[in-house]
Amino acid sequence: MAAITGKETLVGIKMATTYGTAVAVDKLIACDSFSQSRNVEKLMRSPLGLNKLFDTNITQGRATPSISGTTKIGFQNNVEYLIAQFFGKSTTPAEQTAGQLDYLTRLTFNTIAPILNAKYLTVAMKDTSTTTLEFPAVAIDTLTITIVPNNYISMDFNGLANDRELGSSTNTTTTMNALSAPTENEIVVRESDEFLINAQASGALATGTDRKVIEQAVITFTKPQESIPLIKGSNGNGEPTSTGNYTCTLTVTYNTLEDHTWFTAAEAGTEYKAGFVFEGTQIGTGDNQGFRLYFPRLQIVDDPEYTATTPGNNKHIVTYTAMQATANPTGMDDKNPYIEYTNGISTAYI
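Now for a quick tour of the structure. (Residues numbered from 1 in each chain as written. Predicted model: local features only at pLDDT ≥ 70, side-chain atom pairs only at ≥ 80, totals over all residues. Heavy atoms only, no water.)

**As for unusual backbone geometry**
Item 1. A cis amide bond links Ala113 with the next residue in sequence, Pro114, at an omega value of -5°.
Item 2. Tracing the chain through its elements places Pro114 in the loop between β9 (103-109) and β10 (120-126).
Item 3. Despite not being glycine, Asn51 shows a phi value in the positive range, around 55°.
Item 4. Summarising the element assignment, Asn51 is placed in the loop between β4 (40-44) and β5 (58-63). (Helix = DSSP H or I, 4+ residues; strand = E, 2+ residues; numbered from the N terminus.)

Laid out in structure tokens, this is it:
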């Protein structure tokens, strides 16, 4: 056994069908950081009546393993599978131009039982030259996507795991060393990409008329859930249960305050729909690579921010809260926030 450097570390994932049963990871993901912990609770012996200066017995109690990390979203770099586990439902990829392998896939929140997590991810990490850490069933519960011009789209993620295995026979260093690096096509946000927004009941979002100039945006998705310890005859926590409604916020930074539109909308409870459109290179002679986020129903609940702190332009920050629409808005394909990819993947992500 020998220590390895961060650049030699491998992180692999694969969609798992049976909760608690690890599968051999088949895809690597590139990470800016990757953290893991068993998150062990300490059980302390009763301190009174023994006349002891220090504890004489400390026992490990409940463990709630978790993973977290930061990565970059690509048009096709395996991170789409991590996002797919969070959303829970993937359409069958549909080729947009016959023979050009330009497949459109839509990721939506699953509404068919089991609603919370349709499937799980097995996640494995090569941490030394001869050892791995394995998390047989991981449920991603938080995604935070950061969008800044002329930079990669960054994504922070957090997930709950049923257990952490130190001596996996399924995901060994041999298994992980055999995997190929993902395609290097991370998305760089360009000035030509778009943020579109209009009234929730208006027509479909349109380039030009509904485009807003923004400085940056941060999107946070959460699926509140908890891993439950159960007496069940086997190691690891029970399947996660929901602890609250899903949430999504979209915080947009405008580089100046032009008028009172967003202040007025917040006070009036005006509702909107919105979308981000990011495009890459053309696939054959078909459609361009694409990554799109859609928000069918938004409302400004928090008071918009505007503070004069510099002699020049001062930022205007607006946070939109996503809600479930009563029906698919015009031009959109779901009542809840969803994501679309256009790339070369021809099989469903989940």
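**Quick look at the side chain of Asn117**
Item 1. Along the chain, Asn117 falls in the loop between β9 and β10.
Item 2. Among the polar contacts listed, one links the side chain of Asn117 to the side chain of Gln85, at a separation of 3.2 Å.
Item 3. Within the structure, Asn117 has its side chain in polar contact with the side chain of Gln225 (distance 2.8 Å).
Item 4. Non-local contacts of Asn117, meaning those with residues more than four positions away in its chain, are made with Gln85, Ala139, Lys223, Gln225 and Pro240. (Polar contact = N/O pair within 3.5 Å; in protein donor to acceptor, adjacent residues only side chain to side chain. Contact = heavy atoms within 4.5 Å.)

**What about helix α3 (residues 261-268)?**
Item 1. Regarding α3, the residues found buried are Trp262, Ala265 and Ala266. An end-on view of α3 places all buried positions within 100° of arc, on one side of the element. Structural note: α3 exposes Glu267 and Ala268 on the side pointing more than 90 degrees away from its buried face.
Item 2. For α3, the secondary structure elements touched by its buried residues are β13 (194-199), β17 (247-254), β18 (271-282) and β21 (316-322).
Item 3. Where α3 terminates, the next one or two residues include Gly269, which has phi positive at roughly 75°. (Buried < 20%, exposed > 50% of the residue type's maximum accessible area, 1.4 Å probe, protein only. Arc of directions from axis to C-beta.)

**Focus on the packing of aromatic side chains**
Item 1. Overall, the coordinates contain 19 aromatic pairs when judged by the stated rule.
Item 2. Ring centres 5.8 Å apart and planes at 70° place the aromatic pair Phe86 and Phe109 in the edge-to-face group. Separated by 23 residues along the polypeptide, Phe86 in helix α1 (residues 79-87) and Phe109 in strand β9 bring together distant segments of the chain.
Item 3. With a relative accessible area of 10%, Phe109 lands in the buried category.
Item 4. With centroids separated by 5.3 Å and ring planes inclined at 65°, the aromatic side chains of Trp262 and Tyr272 adopt a geometry described as edge-to-face. Remark: Tyr272 occurs in strand β18 and Trp262 occurs in helix α3; sequence separation between them is 10 residues. Neither residue differs from the other here; Trp262 and Tyr272 are each classed as buried. (Phe/Tyr/Trp six-rings, centres within 6.5 Å; stacked < 30°, edge-to-face > 60°.)

**Topic: α1**
Item 1. The buried fraction of α1 is high, at nine of nine residues.
Item 2. For α1, the full list of buried residues reads Val79, Glu80, Tyr81, Leu82, Ile83, Ala84, Gln85, Phe86 and Phe87.
Item 3. Backbone geometry just downstream of α1 places Gly88 in the positive-phi region, at approximately 100°.

**Topic: the side chain of Asp163**
Item 1. Along the chain, Asp163 falls in the loop between β12 (154-161) and α2 (173-177).
Item 2. Buried and unpaired, Asp163 has Arg38 as its nearest opposite-charge partner, separated by 5.1 Å.
Item 3. Dropping the residues within four chain positions of it, Asp163 is found in contact with Pro65, Glu134, Phe135, Pro136, Asn235 and Gly236. (Lys, Arg positive; Asp, Glu negative; His and termini not counted. Salt bridge = Lys/Arg side-chain N within 4 Å of Asp/Glu carboxyl O.)

**Here we look at the environment of Val218**
Item 1. By secondary structure assignment, the location of Val218 is in strand β14 (residues 216-222).
Item 2. Residue Val218 is classed as partly exposed on the basis of its relative accessible area, which comes to 24%.
Item 3. Residues Val218 and Ile147, 71 residues apart in the sequence, show an inter-C-alpha distance of 6.2 Å.
Item 4. Filtering out sequence-adjacent residues up to four positions away, Val218 remains in contact with Thr144, Ile145, Thr146, Thr249, Leu250 and Thr251.

**Details of the environment of Glu191**
Item 1. Take Glu191: it is sitting in the loop between α2 and β13.
Item 2. We classify Glu191 as exposed; its relative accessible area is 61%.
Item 3. Distance from Glu191 to Gln282, taken between C-alpha atoms, is 18 Å for residues 91 residues apart in sequence.
Item 4. A distance of 3.1 Å separates polar atoms of two side chains, one belonging to Glu191 and the other to Asn150.

**Concerning a negative patch on the surface**
Item 1. Taken together, the side chains of Glu267, Asp302, Asp303 and Glu305 make up a negatively charged region of the molecular surface.
Item 2. Judged by its relative accessible area of 75%, Glu267 falls in the exposed class. (Patch = residues over 30% accessible without salt bridge, like charges linked within 9 Å, V, L, I, M, F, W, Y side chains within 5 Å. Areas by Shrake-Rupley, 256 points an atom, 1.4 Å probe, with all protein chains shown as cover. Charge placed at Lys NZ, Arg CZ, Asp CG, Glu CD.)

Nothing here speaks to function; it is all geometry.
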